[in-house]
Amino acid sequence: MIVLPLLFLLQPQVDCNEPITQRDMNFCSHQEFEAADKALNEQWRKVAAHKKRDDEAAARNEAEGGYFQKLLDAQRAWLAYRDNHCEAVSDVYRGGSIRPLIHNLCMAELTAQRTDQLQKMIEPN
C-alpha cells in the first residue's frame, strides 16, 4: 500500500481562493466543475424520482405518461450539447496551457445552469 501515500504526495497543494500559476488555475477550475457536476447529479436524482412518480400516477389514472423518458432523452441530449459546446469553445486555445481552464469553466457554468433548470422542473418559482 505504498502507492496511496505516493499518490497523495503528487496532489498539488493549491489555494483555490488565490490560484497563482496556470497549473493552479486549471486544477481549481477542474475542482469547480467537479463540484457543479456533483450538484447536478444530486438534482438529477430528485427530478428523475419525481418524473417516475408522475409516470406511476399517470399509469394509475390510465393517462399518458412518458415523463421520465422525456427527461432522460433531454438530459442525454443536453450532456452531448454541453460536452461538444465546451470542446468547441476551448478549441480556440488548443495547444495552450489555458485550454483546460477555459474548458473547465465552460463545463462548470453550463452544468450549474442545467442544475437550476432541473430544480425548476420540480420547484418552479
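Look a little higher up for the structure.
The text that follows walks through the structure, step by step, so that each part is easy to find. Quick caveat: nothing in here was measured; it's all calculated off a predicted structure.

## Quick word on the nonpolar core
Thinking step 1. One finds Trp44, Phe68, Leu71, Cys86, Leu110 and Leu118 to be the most contacted residues of the largest nonpolar core, which totals 16 residues.
Thinking step 2. Looking at this core, the elements with two or more residues in it are helix H2 (22-60), helix H3 (67-90) and helix H4 (99-122).
Thinking step 3. In terms of residue count, H2 provides more of this core than any other element does, six residues in total.
Thinking step 4. Every residue in contact with Phe68, bar those within four places of it in the chain, is listed here: Trp44, Ala48, Lys51, Lys52 and Asp55.

## As for the environment of Asn26
Thinking step 1. With respect to the element layout, Asn26 can be found in helix H2.
Thinking step 2. The buried category is assigned to Asn26, whose relative accessible area is 15%.
Thinking step 3. Measuring from C-alpha to C-alpha, the distance between Asn26 and Arg99 comes to 8.5 Å, with 73 residues separating the pair along the chain.
Thinking step 4. Residues contacting Asn26, with those up to four places away along its chain left out, are Ser97, Ile98, Pro100, Leu101 and Asn104.

## Examining the packing of aromatic side chains
Thinking step 1. Within the structure shown, the criterion is met by one aromatic pair.
Thinking step 2. Ring geometry for Trp44 against Phe68: centres 6.2 Å apart, planes inclined by 50°, an arrangement best described as tilted. Taken together, the positions of Trp44 in helix H2 and Phe68 in helix H3 put the pair 24 residues apart, joining distant regions of the chain.
Thinking step 3. We classify Phe68 as buried; its relative accessible area is 18%.
Thinking step 4. Stacked on the ring of Phe68, the Lys or Arg Lys52 has its end atom at 4.7 Å from the ring centre.

Procedures and definitions
Residues numbered from 1 in each chain as written. Predicted model: local features only at pLDDT ≥ 70, side-chain atom pairs only at ≥ 80, totals over all residues. Heavy atoms only, no water. Core = buried A, V, L, I, M, F, W, Y, C linked by side-chain atoms within 4.5 Å. Buried < 20%, exposed > 50% of the residue type's maximum accessible area, 1.4 Å probe, protein only. Helix = DSSP H or I, 4+ residues; strand = E, 2+ residues; numbered from the N terminus. Contact = heavy atoms within 4.5 Å. Phe/Tyr/Trp six-rings, centres within 6.5 Å; stacked < 30°, edge-to-face > 60°. Lys NZ or Arg CZ within 6 Å of the ring centre and 35° of its normal.

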